[in-house]
Amino acid sequence: MKNIDTIGHVTGKSVYLDDIPTISGTLHAAIVSSAIAHGRIIRVDFSKAYELNGVIKIITYTDIPGENQIGGIIEDETLLAEHEVHYQGQPIAIVVAQTERIARKATTLVKVEYEELEPVTDPRVAKEKGLLLIPPRTFSMGNPIEALNKCKYIIEDSVEIGGQEHLYIETQGAYAYPVENGYIRIHSSTQGPTAVQKTVARILGIPMHQVEVDVVRLGGGFGGKEDQASGFAAMAALASHITGKPVKLVLSRHDDMRMTGKRHPYSADFRIGLSENLKILAYEATLYQNGGAAADLSPAIMERTLFHSTGSYYIPNTRVTVYSCKTNLPPNTAFRGFGAPQGMFVIESAIAKAAEVIGVNAIEIQKENLLNENDEFQYGQKAENANAKKCFTIASERFDLDNLRKTIEVFNENNSLSKKGLALMPLCFGISFTNTSMNQARALVHIYQDGSVSVSTGAIEMGQGVNTKLAQIVSIVLGIDISRVKIHSTNTTRVANTSPTAASSGADLNGNALRIALAALKKRLINVAAEMLECSHEELNLGNEVVIRNGLPTNLRWCELVKKAHLRRVSLTENGHYATPIIYFDKSKEKGHPFAYHVYGTGIVTVTLDCIRGTYSVDDVYIVHDFGNSINPIIDMSQVEGAVVQGIGWVTLEELSFNEKGRLLSNSLSTYKVPDIHFVPKSIQCIPLPTIGPDMAVLRSKAIGEPPLMYGIAAYFAIQYAIKAFNPEHRLRFHTPLTPEKVLMQLYEGKGEIMGLRVEIENMKSENVKR
Amino acid sequence: MYLVELLQQLMISFILNDRLVTTNVNPGMSLLDFIRYEAGLPGTKIGCREGDCGACTVLIGEKLSERVNYRSVTSCLYPLINAHGNHVVTIEGINLSNSLSPVQQAMADHAATQCGFCTPGFVMSFTGLCMNHETPTIQQAIDAVAGNICRCTGYKSIERAANDIALLMQEKDVTDPIGWLVGKGYLPAYFIDIPDKLDKIEPYSDESENHTLFIAGGTDLMVQQPDNIYEQEINSAFHGKLPQEITINDCTCTIGGATRVNELLTSTELTSKFPQLRQYLMLVSSEPVRNMATIAGNIVNASPIGDLSVILLALNAQITSIYKGKTRLQPLNELFKGYKQLNLEAGEVIQYITFEIPKNNTLFNFEKVSKRKYLDIASVNTAMSIEMQNNTIKKCSISAGGVAPIPLYLHKTSDFLKGKELNAETVSQAVEIMQSEISPISDIRGSAEYKRLLLRQLFFGHLQKLLGKEFELFLNLTR
């Protein structure tokens, strides 16, 4: 079935944060932020800003009644800068004014004097200087040094991975207003309402029960609103608390791009060792995570990088270390994949490089090393229901991989100025928050007297369709029509202490909590029905809006049953609590069983390169994906398409550009390009892996949000192979994003003569190049 | 004249969905802000406020003779003053009371919406396509939403919806699209009465001399200085202030300064005589922005990378400007003096652009490479007009953008090529001369060396278009 929000969306009636009708007297806030990436604040002069008619109040850290601290994992981040600034765009003050325009204008009239300090933007430089957000962590298995000695092939290289701007179309924002007696209500565009509640309570110095956070839906999140929405909500709440008025804070696109963190750039070195028959015997890697100016979620992201650093492969001897480096960029944060895409990109680079050196197609190495049942991951868990090889085999057969490769070879032989490339990306992604304690959720269900059902959970709807899946679960368990179900806004007074909707876990955690609540309600209702029908409850079930007895419908309708239950004073409300069983992780040993299950798949991407212009197009994406037993194939397939395109964007055209002073140059949609309708692959074909799905997934339907993003990685390698087909001197490079600029330079490197012309790239370097 | 009448004259009046709106808010307010915060219609979303995401797409209906022509615009860049006398349609204005329109239904059927924030923009762009007087192809249906960014779906589902919509439109009565669409449940019935209602709005007449700013499409000014536009007393280039027509005499094409870029695309006379212009213009921004941006605006913006400037330079276009009642004519290649500096007086306005449409014996080609092919600013763009006689180059004009502080006419290269035989030696020398007359800098659009290499490659691109399959042969011979 389709997303239950569909009609609201296509008619423009769905409500987002900025669409909530404002209360009369609402004020608007805008943020004064640091113009430099690193320095001391000498003086701030608000006098000109205060002269502007309509400015009500300018708030600095000294106005904060509670603690000036918003760090989630590590307490290292202020809401408003005190004496130093650590990134360009770091909030310093909040202007509250009668209109948004006045507030924004006033921010430009605030004069901040700085003493500039040298910024660090490169994670390797940060590591050299000892600037780490947390101590490094290492995952290892076997003895890689010993194993490397036995390898026929040992290959080393370096990798540079770019970040990615979330570019949710709805920018960050919050609307806060006082209710009564110090109680404050906040509408926030957040993936983590509890994080907002906690942060606001801390900033205002009040108990959490004085703070209510409500979220209807987000206009996109992708991880960018998991942690970073809290600061903006806290600013709106602080402004409201101080002025005693409703305050709305919605970021402009430029502010959002400048102030918020992104997917982490990584820099890495790898060493991979293979046997003569292409078995990977050893893998060593050191990764430098560009964390930005504060920890934010970087420690958790670093952890997931480690978990996924061996990709979809069994490697008996490994040692992988990640440094989380502190730089003067906005604190980087969660983004669909959460560090896994970077870890996987490094191992895929290692395999591609090995294949180039050995002289085989990378697919031969990939195929030879895919996970088997019971293979051990370097973190101690064993692969169960390992579908890596199944996905690979079905993809090879159904899409005729040999023929695809042959077709491309023939094309490349027959075309000198256009080349094609193909690459394959096997996927293995662990499902669960790696922080075990976060794997819990609650669901509150009311059945009203008329038989309609109200559901509240901790899940946030941001387009991924979690509300639709929750409604389906109610419909399935209670055997009633989905039109009887209402999924309410996510609200901290109805469901408390929630984990953010993240880690692809929204449907699993909240859906399972909902199932538990529904099971209790169903049991009570069946008992009522058994009394009414004078039979054993074991004979009864619910379905098609009636009570079913021994598989046959009775005359007892759903609504009648509910009415009777109420009259008999049976509770029609239930709260379900779910905590994922089995999982644990021992950080002192870096071993455990952190994931409920893994999602597998195989993606194949083909591209065509215009070798005159250095431009490329993605032709086809072929996928076999392990959905488990999908509860909603329409939604899950849509998630695959969207994730793949986002992944392709990340490795191709989405280029974050910071100058050496830490200033974001790609600070708007005119300079940061995401895929448009013309950019996307000509076709995306996705075949579900036939499987019953694991117990641990809700109704055996596997988590879907993040995993398919990583198929997009294949686009990078496909383009590299196409470059190599044109320029035999080209040696594979691992530096994302692979923009048309990089492609053209790589096409013609060392090839000044290809066109029979003397102009070589070396001659094209102009003097006095300004950056 | 009574004060009330005077005030009314300075007010902006238009029809917003089904009701007449008369307002005295600042004429430089963006239509988007008016729609959301003055009129309280929240279906139109704010994504970027610079015309690059399409979340705020609405339709503008303009009455021309007896009919109202509708086109999509990004309301963030549309100054309210330009709305006067027009019909503004938001998502609320196309919603039907009891059902989805077939456009909305197609989006729903294909699950072409996830978070939904961009969706009203897509629906409006598609609806705008349905309302024009053509039967669209599938490709045109896709092109209609090329200015709309969706971060969730990956667009394949939107393509499938576009496919459905194009098929549905094959039945359209192109002589009376609005009547047909109302009859088929695409639009509410009130659309039928709009032409009459628009007639009742008095023309905007503001003869005041106090204006400090003259705004046309707004597609640059509203990005660069929206607060300034909001505060200034502005006047519009439209409302009959500047010529807005395309006239073709034999092969001489004259375009009025206020002509919008998309009007070049829809001029059947121009596109029949200069057919490849269409594919070039599709590379210029997006449909809703082309529906606002004017030719003169694109030129005076003086961007060193302006696509139209580069095209017009290679066409050896002339511009006619007016200053204090006096007109003058100058070649476009003399207009650009330095970075964002023009050979125009403050207050001097471009009235006409004139050029010769390339004849059959002339090859004209435009090349552009940007990070993303559509709705992006070029790293380098270039145009070449070349007339061959056997294997000798008779005439040649080459221009390039992104390689100098101004859109550059490559005088030396063009002059060098004239009279030369087209062979590897000539090309090799031309490339060297070309490299000597450009001075690209490294910036967000690419490094200087990339731009140098890219211009060489795009020059080869011109030759590839000129020589076709022979180009590869040509390369092999010259190896």
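Since the model is a prediction, treat every value here as computed from it, not as a measurement. (Residues numbered from 1 in each chain as written. Chains lettered and ligands numbered in written order. Predicted model: local features only at pLDDT ≥ 70, side-chain atom pairs only at ≥ 80, totals over all residues.)

**Student:** What am I meant to see in the sheet that holds strand β5 (residues 87–89) of chain B here?
**Tutor:** Backbone-to-backbone hydrogen bonds pair the strands of a sheet. The strands run either parallel or antiparallel. Residue and element names in this part refer to chain B. Taken in spatial order, the five strands make up an open sheet running β2-β1-β5-β3-β4, and their pairing is mixed. With partners counted over all chains shown, the strands left at the sheet margins are β2 (19–23) and β4 (67–74), one partner each. In this sheet, neighbouring strand axes are inclined to one another by 30° on average, regardless of whether the strands run parallel or antiparallel. Bridge count for strand β3 (residues 57–64) against β5 is three bridges, and the pairing is antiparallel. Pairing of I60 across the sheet is with V88, part of β5. Contacting β3 and β4, helix α5 (residues 119–131) runs over the sheet at an angle of about 25° to β3. (Pairing = 2+ DSSP bridges. Helix = DSSP H or I, 4+ residues; strand = E, 2+ residues; numbered from the N terminus. Axes fitted to C-alpha atoms, helices over the stretch in contact; angles between N-to-C directions. Contact = placed C-beta atoms within 7 Å.)

**Student:** For this particular structure, what's the right way to read the domain arrangement of chain B?
**Tutor:** In many reports, interface size means the accessible area that the parts give up when they come together. All names here are of chain B. Per the domain assignment, the segments of chain B are domain 1 (3–199), domain 2 (226–356) and domain 3 (362–478). The distance between the C-alpha centroids of domain 1 and domain 2 comes to 26 Å. Contacts between the two partners involve 23 residues from domain 1, matched on the other side by 16 residues from domain 2. Counting residues per element, the ones that place at least two in the side of domain 1 that touches domain 2 are β4 and α6 (138–144). It is β4 that provides the largest number of residues to the side of domain 1 that touches domain 2, a total of four residues. (Domains from an automatic or database assignment.)

**Student:** Just checking my understanding: could you explain the interface of chain B and chain A for this structure?
**Tutor:** Taken together, the contact pairs 77 residues of chain B with 74 residues of chain A. When residues of the side of chain B that touches chain A are traced back to their parent elements, those giving at least two are α3 (91–94), α4 (102–109), α5, α7 (156–169), α19 (424–436), α20 (448–467) and α21 (470–478) of chain B. Take the side of chain B that touches chain A: its biggest share by element is twelve residues, from α20(B). Taken together, the residues that form the side of chain B that touches chain A break down as 38 nonpolar, 21 polar and 18 charged. (Nonpolar A, V, L, I, M, F, W, Y, C, P; charged D, E, K, R; others polar.)

**Student:** I tried to follow the nonpolar core on my own but got confused; where do I start?
**Tutor:** Note that soluble globular proteins tend to have their nonpolar side chains buried in a common cluster. All names here are of chain A. Core analysis: the largest hydrophobic core is formed by 393 residues, its most contacted members being V95 and A236. A total of twelve residues in this core trace back to one element, the largest contributor, which is helix α18 (residues 713–726). Apart from the residues lying within four places of it in its own chain, the contact partners of A236 are A29, A174, Y175, A176, I186, V247, K248 and L249. (Core = buried A, V, L, I, M, F, W, Y, C linked by C-beta atoms within 7 Å. Buried ≥ 20, exposed ≤ 12 C-beta atoms within 10 Å, placed from the backbone.)

**Student:** Where do I start with the domain arrangement of chain A in this structure?
**Tutor:** Residue and element names in this part refer to chain A. According to the domain assignment, chain A contains domain 1 (6–118 + 172–250), domain 2 (266–434 + 589–726) and domain 3 (440–579). Just the C-alpha atoms count here: the centres of domain 2 and domain 3 sit 38 Å apart. Facing the 17 residues of domain 2 at the interface are 15 residues of domain 3. Residues of the side of domain 2 that touches domain 3, tallied by class, amount to twelve nonpolar, four polar and one charged.

**Student:** What exactly am I supposed to notice about the packing of helix α17 (residues 633–651) of chain A against α18(A) here?
**Tutor:** To characterise two packed helices, one gives the angle between the axes of the helices and the distance between these axes. Residue and element names in this part refer to chain A. Relative orientation of the contacting elements α17 and α18 amounts to 45°, with a least axis distance of 7 Å. Relative to α18, the element α17 is oriented oblique. Regarding α17 and α18, the two cross each other, and that crossing is right-handed. Of α18, the residues touching α17 (which contributes G647, I648 and V651) are I713, A715 and Y716. By residue class, the composition of the contact of α17 with α18 is five nonpolar, one polar and no charged. (Parallel < 35°, antiparallel > 145°, perpendicular 65-115°, else oblique. Left-handed = near helix turned anticlockwise from the far one by under 90°.)

**Student:** Honestly, the confidence of the model for chain A in this entry has me stumped. Any pointers?
**Tutor:** Regions with low pLDDT should not have their predicted coordinates read in detail. In the predicted model, chain A carries a mean pLDDT of 96, and 97% of its residues have values of at least 70. Segment residues 753–771 of chain A: pLDDT under 50, and 37 contacts once partners within four positions in sequence are set aside and those in other chains are kept. (pLDDT = per-residue confidence, 0-100.)

**Student:** What's the story with the sheet that holds strand β21 (residues 540–543) of chain A in this structure? I'm lost.
**Tutor:** All names here are of chain A. The strand order across the open sheet built from three strands is β21-β22-β23, with neighbouring strands paired in antiparallel fashion. The sheet is open, and its two borders are formed by β21 and β23 (552–557), each paired with just one other strand. Shown here is a sheet whose adjacent strand axes are inclined to one another by a mean of 40°, direction ignored. As paired elements, strand β22 (residues 546–549) and β23 share three bridges and run antiparallel to each other. Across the sheet, I548 pairs through a bridge with P553, a residue of β23.

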